[in-house]
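# Coordinate analysis (summary)
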Amino acid sequence: MNQTSLICGSLAIDVIMQYEGRFGDTLLADQLHKVNVSFLVPTMRTEFGGCSGNIAYNLKLLGGDPRIVGVMGQDCAAYLERLQKLGISTQNILIKKDAYNAQCFVTADSDNNQINAFHPGAMSFAHENNIEDAGPARLAIISPDGHLGMLKHADDLQRLGIPFVFDPGQQMPMFTAEQLISFIDKATYVTCNDYEIELLVDRTGLTLADIAHRLEALIVTRGEKGSQIYTKGTSIDIPAVQADAVLDPTGCGDAYRAGLLYGLTHDLGWETTGRLASLLGAIKIAHKGAQNHVVTKEEIADRFEKAFGYRYE
C-alpha cells in the first residue's frame, strides 16, 4: 500500500542571534516612532527549518515516506545536501535561481523576548510547484507556505482525490473568511494550536463544532495540556508526554504533525496516532532547533511503550 505523504510547505533557514542584554533597556517607549538601534549579538547559529522541512525530518525519523513539495532559492545547496543525506526526496523541490531561500532572522534577549524579521523569498513562488509532478500519495499536508501556493495546492489535491491535512499556522491572517471556509471544506483534516483555533473560529464565524462536523477530524494542540481530536461527534483527549527537558518549542508543532501523518498512513487509529504525535513533540522540545533531535524509530517505539504501556508497531 502506498504510504507516501506529500509535505507542502515552507523550506527556510533560521538565523538565531542572542543579545545578552534586555531590549527594554535600549528601546524607549516614548521614542519608538524614530527607532535607530543596534544590538551586539556575540552568539549566532544557523538552523535548517521551514514547516515542510521540519515535518519531513520527523516523519523520516518514524520510518515514514515524506515527499516535500516546496520551493528553495539560489542558496539551496547546503539544505538540499542535508535532505539527500537523510534519505528525503528532493525531486519535487522547485529551485528559483533568481530568489533566496525563505529566511527568518531571530534576535533574542536575556528575557527570551524576540525581534524577528522574515524574508519569504522563494516560498512566494509555491504556486509554481505542481502537485501532479509528485506522483501518487496516500495523504498530503498543506502547511504554512506562499499564500497563492496554499490555495492552488488545496484545489489540486481535491481534484486529484488525495486527502489532505490543512495546517494554516501563521499564514491564517493572509486568507479571507471565504478562503478559510473553502480550505476546511476541501480538507479531510484540520490541525491548529489553541490560539489558531480561536482565530479560525473568529475569522470564519463557524463554531468549533461546525468546523469539526465538516471534517473527518479536527485536531487541536494545547501545549503542556495535551491535545484534543474531534471526530465523528466525539472528542478524544490526548495527554501530553513528559519531556526530558524544555529547551526550545521551535518546530514542536511540526513534529506533532509528522506523528499525525505517520499514524494516518499506517492506520493506527486516533488514540494511538494522537499519542505518537504528542511523543514526537516532547522529543523535539528537549533539543534546540527544529531538526537537531536524533532518534531511531526503534527508540521512538520504546519511548511510546514506556509512556503509554503498549507498542504502536
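Because the structure is a prediction, the values reported are computed rather than measured.

## Some thoughts on the packing of helix H8 (residues 270–285) against helix H9 (residues 297–308)
Between two packed helices, what matters for the description is the angle formed by their axes and the separation of those axes. Where H8 contacts H9, the axes come no closer than 10 Å and their chain directions differ by 110°. Looking at the two axes, H8 sits roughly perpendicular to H9. For the element pair H8 and H9, the recorded crossing hand is right-handed. Taking contact as the criterion, the partners of Thr-272, Arg-275, Leu-276, Leu-279, Leu-280 and Ile-283 in H8 are, on H9, Ile-300, Arg-303, Phe-304 and Phe-308.

## Observations regarding the pattern of salt bridges
Side-chain pairs of opposite charge can arise where the charged atoms are in close proximity. Evaluated as defined, the whole model comprises 17 salt bridges. Arg-45 is the partner of Glu-47 in a salt bridge, and the nearest nitrogen-oxygen pair spans 2.6 Å. Among the residues examined, Glu-47 registers a relative accessible area of 9% and is labelled buried. Residue Arg-45 is classed as partly exposed on the basis of its relative accessible area, which comes to 30%.

## Details of the sheet that holds strand S1 (residues 4–8)
On the basis of which strands lie adjacent, the open sheet formed by 9 strands has the order S5-S4-S1-S8-S9-S10-S11-S12-S13 and mixed pairing. Edge positions in the open sheet fall to strand S5 (93–95) and strand S13 (234–238), since each of these has one partner strand only. Ignoring which end each strand starts from, the neighbouring axes of this sheet average 20° apart. Where strand S8 (residues 139–142) lies against strand S9 (residues 164–166), 3 bridges are found, and the strand directions are parallel. Considered in S9, the bridge of Ala-140 is made with Phe-164. Taken strand by strand, helix H3 (residues 147–160) contacts S1, strand S4 (65–72), S8 and S9, and its axis lies near 160° from that of S8.

About the cut-offs
Per chain, residues are indexed from 1 in the order of the written sequence. Side-chain atom pairs in this predicted model are given and counted only at pLDDT of 80 or more, local residue features only at pLDDT of at least 70, and totals for whole chains, interfaces and linings cover all residues. Where side-chain values are given, they derive from all heavy atoms of the structure, hydrogens and water being excluded. Axes, fitted as lines to C-alpha atoms, cover a helix only where it is in contact. Angles between the N-to-C directions of the axes lie from 0 to 180 degrees. Each helix corresponds to a stretch of at least 4 residues labelled H or I by DSSP, and each strand to a stretch of at least 2 residues labelled E; elements are numbered beginning at the N terminus. The scheme is simple: roughly parallel for angles under 35 degrees, roughly antiparallel for over 145, roughly perpendicular for 65 to 115, oblique for anything else. By convention, the crossing between two helices is left-handed when the near helix turns anticlockwise from the far helix through less than a right angle, and right-handed when the turn is clockwise. Contacts are assigned to residue pairs with any non-hydrogen atoms lying within 4.5 Å of each other. A pairing counts as a salt bridge when a side-chain nitrogen of Lys or Arg comes within 4 Å of a carboxyl oxygen of Asp or Glu. The buried label applies to any residue whose accessible area, calculated with a 1.4 Å probe on protein chains only, is under 20% of its type's maximum; exposed applies above 50%, and partly exposed to all values in between. Here, strands pair whenever DSSP counts at least two bridges between them.

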